[in-house]
Amino acid sequence: LRSVDVSPDPTPRLFEARALAAAIEGFVRGREERVAELASERAAKTLKPVRVDDSLFALLISGVHEPAVLSDCVDALGRAMLDADVERAIVDLSQLGEPNRDRAVAIFSADEVARMLGGRCFFSGVDARWRAAAADARIPLDALDLVPSIGEALRAAAEHSDHRPRGRFSSWRARLRRLLS
């Protein structure tokens, strides 16, 4: 702007100052958005199911995540359960923030994944906020295995253990694995 400024009038200098401030503010906002996006991506990469024992996985999520990230976590839980021939899972919601309809649909789909594999999923930390989000999404919580804490979830999973030692995969699991490969 200075290269084309030949007038002694202060009006162009005011415009120049405002244009410079807008450019700097735009850069700073864009940078903040990019930093937040990178932090979100980094946090999402660490959300993996944890193997508790030979017949149980747990999905322990904390923070605020987009529904797509939660769906990816549930998919990873299902793949881990299938690969390890595990039929029980625990999903803890006590540290997961900002419940809403879309997040509830994404996270409670873990029950469907476990049932497709012939197993059960126990949800812990389902408070009033998550109950309201599930009601908004029309998810029937009475059909799910809800427990108040992770400790209770571990006890419930142990009580409902019908894991029988068998080959690496049952025949239907082997067929499903070949289909997915």
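Predicted model, so just to flag it, every value in this text is computed and none were measured.

Asker: Any chance you could explain the packing of aromatic side chains here in plain terms?
Answerer: Here the distance between the centres and the angle between the planes together describe a pair of aromatic rings. Within this structure, the stated rule accounts for 2 aromatic pairs. Considering the side-chain rings of F108 and W130, the 6.4 Å spacing of their centres and the 85° angle between planes classify their relative orientation as edge-to-face. With a gap of 22 residues between them, F108 in helix 3 (residues 101–116) and W130 in helix 4 (residues 128–136) connect regions that are remote in the sequence. One exposure class covers both F108 and W130, and it is buried. Grouped by ring-pair contacts, the aromatic residues F108, F123 and W130 constitute a single cluster.

Asker: Could you clarify how one ought to interpret the sheet that holds strand 3 (residues 88–92) in this entry?
Answerer: Two orientations exist for strands paired in a sheet by backbone hydrogen bonds: parallel and antiparallel. Across the sheet, 5 strands lie side by side as 1-2-3-4-5; this open sheet has mixed pairing. Of all strands in the sheet, those bounded by a partner on one side alone are strand 1 (50–53) and strand 5 (145–147). For this sheet, the mean inter-axis angle between neighbouring strands, taken without regard to orientation, is 25°. In this structure, strand 3 lies alongside strand 4 (residues 120–124), joined through 5 bridges in parallel fashion. Along strand 4, the bridge assignment pairs A89 with C121. Helix-sheet contacts for helix 3 involve strand 3 and strand 4, and the interaxial angle to strand 4 is about 160°.

Asker: Sorry if this is basic, but what is going on with the pairing of strand 4 here?
Answerer: Within a regular beta strand, the side chains point alternately toward one face of the sheet and then the other, so they alternate between its two faces. With respect to burial, strand 4 is a largely interior element, 4 of its 5 residues being buried. With helix 3 bridging strand 3 and the parallel strand 4, this β-α-β connection has right-handed handedness. Looking at chain direction, strand 4 and strand 5 are connected through 3 bridges and run parallel. In the sheet register, S124 faces strand 5, and the bridge partner there is V147. On the question of chirality, the crossover connecting strand 4 to the parallel strand 5 by way of helix 4 is right-handed.

Asker: For this particular structure, what's the right way to read the pairing of strand 1?
Answerer: Relative to strand 2 (residues 56–60), strand 1 runs antiparallel, the two sharing 3 bridges. Paired with V50 across the strands is A58, a residue of strand 2. Turn length for the strand 1-strand 2 hairpin, with the two strands adjacent in sequence and antiparallel, is 2 residues.

Thresholds, definitions, all that
- Residues numbered from 1 in each chain as written.
- Predicted model: local features only at pLDDT ≥ 70, side-chain atom pairs only at ≥ 80, totals over all residues.
- Heavy atoms only, no water.
- Phe/Tyr/Trp six-rings, centres within 6.5 Å; stacked < 30°, edge-to-face > 60°.
- Helix = DSSP H or I, 4+ residues; strand = E, 2+ residues; numbered from the N terminus.
- Buried < 20%, exposed > 50% of the residue type's maximum accessible area, 1.4 Å probe, protein only.
- Pairing = 2+ DSSP bridges.
- Axes fitted to C-alpha atoms, helices over the stretch in contact; angles between N-to-C directions.
- Contact = heavy atoms within 4.5 Å.
- Right-handed = clockwise from strand over helix to strand, strands pointing away.

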